[in-house]
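# Coordinate analysis (summary)
Residues per chain, in single letters:
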Amino acid sequence: MFCEEHLMKTLGIHTNYIRITSTEPAMKAAEEITEHSYAYDGDCIVVFIGVEKSDEEAPNVVAKKLAADTLKRAETLKVKKVIVYPYVHLTQDPSNPRTALQVLKKTAELLSGQLDVDRAPFGWYKGFEISAKGHPLSEWSGVFTADEEEEKKEKEEKAPREKFTKFVLVDLDGNIFEITPDEFTKCGIFNKKEPVYKLLKRFVGNELGHGVDTEKTPKHIEFMRQQELVDYCEVSEKGHFKWYPKGLFIQKLILDYAARIAHEWGAMEMKNPIIIKSDNNIVGELMGEFHERDYKVDGGRGTCYLRYASDPLGFPFMQNVRFSYKQSPLKVYEEASCFRNEQEGEVSGLKRVRNFMMTDMHAACANVDEAKVEFETLCKRFRDLMNDIVARDRWVLGWEGTIEFFEQNTEWLIGICKEMRVPSFFKLMPEMTHYYAIKNEFQSITEDESNIQVSTVQWDVKDGERFNIGHVDEDGKKHPSAVILHASSFGSIERTLCTILENIAIDINQGRPAMFPVWLAPTQVRIAPVKDSFIEFGEELCAKFNNAGIRADIDDRPDTVGKKIRNAEKEWIPYILVVGQQEMDTGELMVRIRTAREQVKMTFDELTAKIKGETASMPFRPLPLPRRVSRRPIFFG
RNA sequence: GCCAACGUAGCUCAGAUGGUAGAGCGGCGCACUCGUAAUGCGCAGGUCACCGGUUCGAUCCCGGUCGUUGGCUCCA
């Protein structure tokens, strides 16, 4: 039980008027305010609140109790106005500012239905002038706390891990293994010989809360700067990056690829704004409790938020699209730049950023059968994406969903699992707590053994109705979509690049050469003339490659051949050609092949055909930097 | 937001009980014109993250801020 000093204390005063002046911020977590003075003349209740450390366990329960009590008093006193006033000095052991603000906001929110509520700014030194009525009921103190049961309830709601009650593994042959969080390591599936089961074990461990301490700085951070891809930006906030030409080039190629997937799937590309008005009800519903994760912006016409996900704008967009059953499912695609105001200390390299680019697909499906077809198509597409670009065979599939959906669709789901050719891990819950009945996450297991989510496909059964998205049926009436599929080929471009770089780190550990897939390599062929007099010949060769749709450049700096090779190797260039008299005479090229670590004689046509074969059906963009290496500036290092 | 470590030249890093600093690489210049991972010589680069305190004097000691990384929390 709680002892007295752990209970939240409040002081309520029935007043004739109150005036508040905010002087200066008392802490970093101070709210942003525009008005520094506030006055209310007339009957009102001022509630001074000190939030306790112990309230961190169940802030919402405490707020609910306080709101109920305040409401009762307001009724008795026939007052319509309440001022919620943060007063930390009521407690010896205050909660963290976040919880305090949460309690204050929640209390105000709960009261605002029936009363006119204002909140004094949080985190400021304030002066106030107050006139108390002085009648017997005009002052009171309150003590509030959650009892253990309520506290447990809120905790359970808060802890996502505990909402899952059933855990299932599926092997490559479609066999099902049910496990428990405590004894999952004993599951027979981990005795199988294929190495991918080690990854599965790692993933299940991470998910069930036995994560590994990496203690190392991630490799991708080193690479992203060394290779002149992405870098920290001191002009902006932490978690926002500047992109160098090579990094931006890779980003755009990945976006090209994502757009291609979407188009092939049949989606139409559209685009929404990045600013959301805060007073939009329907979006407010989606925002839920996550206001503190949002970036606030104010153009002087009231508060707005930077979009934190694609749905809050994507759904209203689809709501207003008219389509008939003949055009169903409605498929749209968007490159959505999203902003999340992540806590200090959460942001790390490209793994967790505050601004990221999602490639988001949606399909509004008329019925379950339609949705199943699309769901399967997307899963297979993303399987290939994971294998071809991101993580080769170093990934597994995580699932979340309801027990009911799993049991009713077991055969279908297992069929998909088998198609993925990697094992699956299902976390299942007795009740649907989100908009989806089932979703999967394509998880890459990285060098430090943590996992990074890349693609996802989600089966949404709620938002068709909630947002009134639907098709016009034969009867001429609009019918809400039974299922809306959400799918993101690249959950974020930043994380995708992170995953690619982390996979390169694994390659290095396994003794393989570091390199991007050839279609993503900024330079595919580096030409190194043996001396200056061959630069012209090299230039011609370079132009020939470029015309053939291959990114070739030429190292025309006055270095030795050894130096040019070394520099090209440091840039992870897949093909290096040293050109001189021999090449000019014979027309044959001596090709240094990075993957094979060997030199092979090839003709221009042979090399072109080889590269074309390796990059077949992948997007192409020309060199992001000057063809002559001597003309390039240094962006880093 | 909490705890810890770190912040010296463009990069990687040395360094001094407190007397304002050095290497390698890179850059620039000159010479070299070279056949598969570093050609030679020379030159220029620093408010030692920022702000304040102690001190005759601080890059070094103390406090704060910012930034980076790890851990916790969190990740709709």
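First things first, this report covers the structure right here in the doc.

Calculation rules
Residues numbered from 1 in each chain as written. Chains lettered and ligands numbered in written order. Predicted model: local features only at pLDDT ≥ 70, side-chain atom pairs only at ≥ 80, totals over all residues. Heavy atoms only, no water. Buried < 20%, exposed > 50% of the residue type's maximum accessible area, 1.4 Å probe, protein only. Helix = DSSP H or I, 4+ residues; strand = E, 2+ residues; numbered from the N terminus. Pairing = 2+ DSSP bridges. Axes fitted to C-alpha atoms, helices over the stretch in contact; angles between N-to-C directions. Contact = heavy atoms within 4.5 Å. Near = heavy atom within 4 Å. Polar contact = N/O pair within 3.5 Å; in protein donor to acceptor, adjacent residues only side chain to side chain. Nonpolar A, V, L, I, M, F, W, Y, C, P; charged D, E, K, R; others polar. Parallel < 35°, antiparallel > 145°, perpendicular 65-115°, else oblique. Left-handed = near helix turned anticlockwise from the far one by under 90°. Phe/Tyr/Trp six-rings, centres within 6.5 Å; stacked < 30°, edge-to-face > 60°. Lys NZ or Arg CZ within 6 Å of the ring centre and 35° of its normal. Expected span 1.5 Å × (residues − 1).

## Brief notes about the pairing of strand E16 (residues 355-365)
The buried count for E16 comes to 10 of 11 residues, which makes it a mostly enclosed element. Pairing between strand E15 (residues 330-339) and E16: 10 bridges, direction antiparallel. By the bridge assignment for E16, Cys 338 is matched with Phe 356. As judged from the 7 bridges shared by E16 and strand E23 (residues 483-490), these two strands associate in the antiparallel manner. Bridged to His 362 within E23 is His 486.

## Structural notes on the sheet that holds strand E25 (residues 552-554)
Taking strand neighbours across the sheet as the criterion, the 5 strands line up as E25-E24-E26-E27-E28 in an open arrangement whose pairing is mixed. Strands at the two margins of the open sheet, each flanked by one partner only, are E25 and strand E28 (598-603). On average, each strand axis in the sheet is inclined to that of its neighbour by 30°, with strand direction left out of account. In this sheet, E28 lies alongside strand E27 (residues 588-593) in antiparallel orientation, the contact comprising 6 bridges. Within E28, the residue paired with Glu 588 across the bridge is Thr 603. Along the sheet, helix H17 (residues 604-614) contacts strand E24 (525-529), strand E26 (575-579), E27 and E28; its crossing angle with E28, the most-contacted strand, is approximately 110°.

## As for the protein's contact with RNA strand B
Neighbouring RNA strand B are 46 residues; Tyr 232, Arg 293, Glu 344, Glu 346 and Arg 566 lie closest to it. Of all RNA strand B atoms lying within 4 Å of any protein atom, the proportion belonging to sugar or phosphate reaches 49%. One of the side-chain N or O atoms of Glu 583 is found 2.5 Å from a base nitrogen in RNA strand B. Taken together, the elements giving at least two residues each to the surface near RNA strand B come down to helix H15 (561-570), helix H16 (581-586) and E27. With 6 residues, H15 is the largest single contributor of residues to the surface near RNA strand B. Partitioning the surface near RNA strand B into residue classes produces 15 nonpolar, 14 polar and 17 charged.

## Quick notes on the environment of Ala 616
Checked against the element boundaries, Ala 616 lands in the segment after H17. Overall, Ala 616 belongs to the partly exposed group, its relative accessible area being 44%. When the C-alpha atoms of Ala 616 and Trp 519 are compared, they prove to be 8.5 Å apart, with 97 residues separating the residues in sequence.

## Description of the sheet that holds strand E8 (residues 176-179)
The mixed open sheet is built from 10 strands, whose spatial order is E8-E7-E18-E17-E19-E20-E23-E16-E15-E11. In the strand order of this sheet, the two ends are held by E8 and strand E11 (268-269), each with one partner. Running over the sheet, helix H9 (residues 368-390) touches E15, E16, strand E17 (395-402), strand E19 (436-445), strand E20 (451-460) and E23 and is turned about 170° from E20. Sheet strands touched by helix H11 (residues 410-420): strand E7 (166-170), E8, E17, strand E18 (424-429), E19 and E20. Its angle to E17, the strand with the most contacts, is close to 165°.

## Considerations on the packing of helix H6 (residues 245-265) against H9
With their axes 12 Å apart at the nearest point, H6 and H9 run at an angle of 155° to one another. In terms of orientation, H6 lies roughly antiparallel with respect to H9. Here H6 runs over H9; the crossing is right-handed. Facing Tyr 257, Ile 261, Glu 264 and Trp 265 of H6, the residues of H9 in contact are Glu 374, Thr 377, Leu 378, Arg 381, Phe 382, Leu 385 and Ile 389. Grouping the amino acids of the contact of H6 with H9 by side-chain chemistry returns 7 nonpolar, 1 polar and 3 charged.

## Focus on the packing of aromatic side chains
This model, assessed by the stated rule, comprises 28 aromatic pairs. Considering the side-chain rings of Tyr 244 and Phe 635, the 5.7 Å spacing of their centres and the 40° angle between planes classify their relative orientation as tilted. You can see Tyr 244 sitting in the loop between strand E10 (241-243) and H6 and its partner Phe 635 sitting in the segment after H17, a full 391 residues away along the chain. Owing to a relative accessible area of 8%, Tyr 244 belongs among the buried residues under this scheme. Measuring from ring centre to ring centre gives 5.3 Å for Tyr 435 and Tyr 436, while their planes differ by 85°; the resulting arrangement is edge-to-face. Here the basic side chain of Lys 372 rests over the ring of Trp 412, its NZ or CZ set 5.0 Å away from the ring centre. Seen from the ring of Phe 620, Lys 612 lies directly overhead, with NZ or CZ sitting 6.0 Å from the centre.

## Quick look at H6
The end-to-end C-alpha separation of H6 is 30 Å, in line with the 30 Å expected for 21 residues at 1.5 Å each. Two residues or fewer after H6 comes Gly 266, characterised by a positive phi angle close to 105°.

## Section: unusual backbone geometry
Following Ser 328, the chain continues into Pro 329 via a peptide bond in cis, with omega recorded as -5°. Within the fold, Pro 329 resides in the loop between helix H8 (311-319) and E15. Positive phi, close to 40°, is recorded for Arg 392, a residue that is not glycine. If you trace the backbone, Arg 392 turns up in the loop between H9 and E17. If you check the backbone angles, Trp 572 has positive phi at about 65° while not being a glycine. Locating Trp 572 in the fold gives a position in the loop between H15 and E26.

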